[in-house]
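# Chains, contacts and geometry: an overview
Here are the chains, one letter per residue:
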Amino acid sequence: MSVLQMQRISICAMKKDRKAVLEALQELGVLEIETSRVPADGLDRLDTAEEKQRSEKQAMMLDQALDVLQEYAPEKTSIFASLEGKKLVDRDTFREAVDQKEEILASAEKLLALKKSEAENKAEVVKLQTQKESLTPWLALDIPMSSEGTKKTKLFIGSIGSVLTQEEILTKIAELEPDLSAVDVELISADKDQTCLTAVCLRSEADRLEEALRACGFSRPAQTWQDVPAKEAGKIDQKLEELRKQIEKLQAEIRSMAACREQMKMLSDYYRTRAQRYEALAQLPQTKKTFLVSGYVAEKNAKKLAELLERRFLLSVEIEDLAEDEEAPVQLENGKATSSVEGVLEAFGLPGKGEVDPTRIMFVFYIFLFGMMLSDAAYGFIVFAACAVLLKKFPRMSESMAKSLRMFMYCGISTIVWGVLFGGYFGNIVDIVSEKFFGVTVTVPALWFMPLNNPMKLLVFSMLFGLIHLFTGLGIKGYMCLRDKKYMDFFCDVVLWYCLLVGLILMLLPSSIFASIAQTHIVLPGPVNLLAKALAIIGAAGIVLMSGRGRKNPALRLALGAYDLYNITGWLSDVLSYSRLLALGLATGVIASVVNQMAGMLGNGIIGIIGFILIFIVGHTLNLGINLLGAYVHTNRLQFVEFFGKFYDGGGRAFAPFHSDTKYMDIMKEEEL
């Protein structure tokens, strides 16, 4: 259990070395900058907002250019791309890209300009296609749509928003304007939405005809063309073809710039880390010729960091222990195996001030309980093998992903062990296959017992393991009390509870209730029974008298003690919670057996064998997925609610060192602590 001890480090350096010092600190990534405790008198802070925004803008532009390349010249990636992690580049290659930043930025700007031109051309294509669609109903018209008639006649070109015949239109016009001397109507086209037409009359009667047409729902086209519609359509087709060629040319030019991708990624990360340095620089107090960096560093790294900086720069370093009222950030340090469950701990909360890191103890119980819930050796082997292969194949995956996979790999090993103990291998697949295809039932015996045949035995052991888990949590609380020299708290809040709980358990063992559950009768010697009663009475009386020890009012003190004693029901609830070990363990085996029975109901022919294989694969895949999720969720719950509830509050703040938070590349470090 290790929470790294933090110290405060203060670095006073020459202003001319500011950039180099910050770059070195960012590369090392072991210092969290925190300057709130630095006196502000006589010190200034630099406003770097503009420079930070400029760097962020450059990084964003490069990201946009990379998105354009990804759209038209996508990188080939596998389905496991998310596991591959960032590419590692050496510092010389990175510096070469930075030295060529003007050319790379120009390439990025060109890419965005090409994308903009392509977008404009595509918009023009849509516009022309819309024009062509609106022109289509008029293709049969053999005169320009801008025509208005002759010197003595007036021509109306438009549409009516309904389907009408020529006779119906003329009839409606005659009804509305019976005195019109001459009217000619020609239908150009008609569909379910409209009827396109031309109408001609004498200019002297044009207004009357227009009124009649409007009464019929007539409207002029939204757009008119100077030429005959068929010719206008031809012109549009020609423009569309030119635009398509231009778009293809632009896309080909974009694809031709794919060679710049890696350099753009490196330069994007350069500007991103540069923005981070400007953000850090804004926090640093400085004078005319010097600047000060202050913050947290792990005690094990403090002297090494000081030596490295003093070797490379002209500066002064001061290291001091934290003040009593100063709450340090939390950085955990555990072994490769135990650190795999740090993500589970962080999901609940990092250790608060004065709390221990429970990761190592939690690791043992987590793996143990997870395997007991899944409890099928074949499932465990699949989980173990899959995680082990991924960890081996993708060594540069993110740290959090690697921890999660290692955790499930160890859970897979635990599941194999429990599967062997319980005789679970894809449920009872050995029995089914041997009986169905060989006519002889072969059963792989359980190394311990089969839960399906003896569920009450599993229930008893589930509660036993739960008690061990809970007692361990209470023991950690006792350890913290002794470490902090709170001997009264240790006696009142830990020892008395152990007395009460152990006494009640010893009293329960010979009872008929336990006998009915365990299906066995336990007889304890008389002195042990007497000891059990004595422990229970001492524990209960002590809790009632001592839980409210901070109160001077005797009545309030006893009331608080009685209320604390009532928490024994919480212990009962916690112990019963471990019955989920039984429930999930049985669920895995029962569902697996049902899948096997379904597969075994088919015949022994080719169709039966194929059906058996399909049902086996689909059924066990679903069962593994569901119970893997169930084991993960319920194991977390047993840790968060039952185990942590006995000693752990969390609430610590994660250590956030100043480091290069890149998006695409990991840059090889020149020096490490």
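So, here is what we can say about the structure in this document. This is a predicted model, so every value here is computed, not measured. (Residues numbered from 1 in each chain as written. Predicted model: local features only at pLDDT ≥ 70, side-chain atom pairs only at ≥ 80, totals over all residues. Heavy atoms only, no water.)

On to a nonpolar patch on the surface, then. A cluster of nonpolar side chains, contributed by Phe437, Phe438, Ile606, Ile609, Ile610, Ile613, Leu614, Ile617, Val618, Leu622 and Ile626, occupies part of the molecular surface with about 1100 Å² of accessible area. Those elements that provide at least two residues to the nonpolar patch are α15 (429-438) and α23 (606-643). Considering every element that reaches the nonpolar patch, the biggest residue donor is α23, with 9 residues. Of note, Leu614 is situated in helix α23. (Patch = residues over 30% accessible without salt bridge, like charges linked within 9 Å, V, L, I, M, F, W, Y side chains within 5 Å. Areas by Shrake-Rupley, 256 points an atom, 1.4 Å probe, with all protein chains shown as cover. Salt bridge = Lys/Arg side-chain N within 4 Å of Asp/Glu carboxyl O. Helix = DSSP H or I, 4+ residues; strand = E, 2+ residues; numbered from the N terminus.)

Our focus in this paragraph is the layout of surface pockets. Regions of empty space are outlined by a rolling probe, equal in size to a water molecule, passed over the atoms. The computed volume of the second largest pocket comes to approximately 690 Å³. As for the second largest pocket, its lining consists of 20 residues, and the residues nearest its centre are Met463, Leu467, Ile505, Leu508 and Val575. Elements with a contribution of two residues or more to the lining of the second largest pocket: α16 (455-483), α17 (487-508), α18 (512-518) and α21 (568-577). Each residue belonging to the lining of the second largest pocket can be placed in one class, and the counts come to 20 nonpolar, no polar and no charged. (1 Å grid on protein atoms, 1.4 Å probe; cavity = no way out; pocket = protein on both sides within 12 Å on 5 of 7 lines; lining within 4 Å. Points joined across faces, edges and corners; volume = space filled by probe spheres on them. Nonpolar A, V, L, I, M, F, W, Y, C, P; charged D, E, K, R; others polar.)

Turning to the packing of aromatic side chains, a few remarks are in order. Under the criterion given, the structure shown has 34 aromatic pairs. Taken together, a centroid distance of 5.4 Å and an interplanar angle of 35 degrees make the contact between Phe348 and Phe640 tilted. In this pair, Phe348 is assigned in helix α11 (residues 342-348) and Phe640 in helix α23, connecting sequence segments 292 residues apart. Classification of Phe640 as partly exposed rests on a relative accessible area of 22%. Within the aromatic cluster, the residues linked to one another by ring pairs are Phe348, Phe365, Phe640, Phe643, Phe644, Phe647 and Tyr648. The ring of Phe156 is capped by Lys154, whose NZ or CZ atom sits 5.9 Å from the centre of that ring. The residue whose ring lies beneath Lys646 is Trp571, and the NZ or CZ to ring-centre distance is 4.8 Å. (Phe/Tyr/Trp six-rings, centres within 6.5 Å; stacked < 30°, edge-to-face > 60°. Buried < 20%, exposed > 50% of the residue type's maximum accessible area, 1.4 Å probe, protein only. Lys NZ or Arg CZ within 6 Å of the ring centre and 35° of its normal.)

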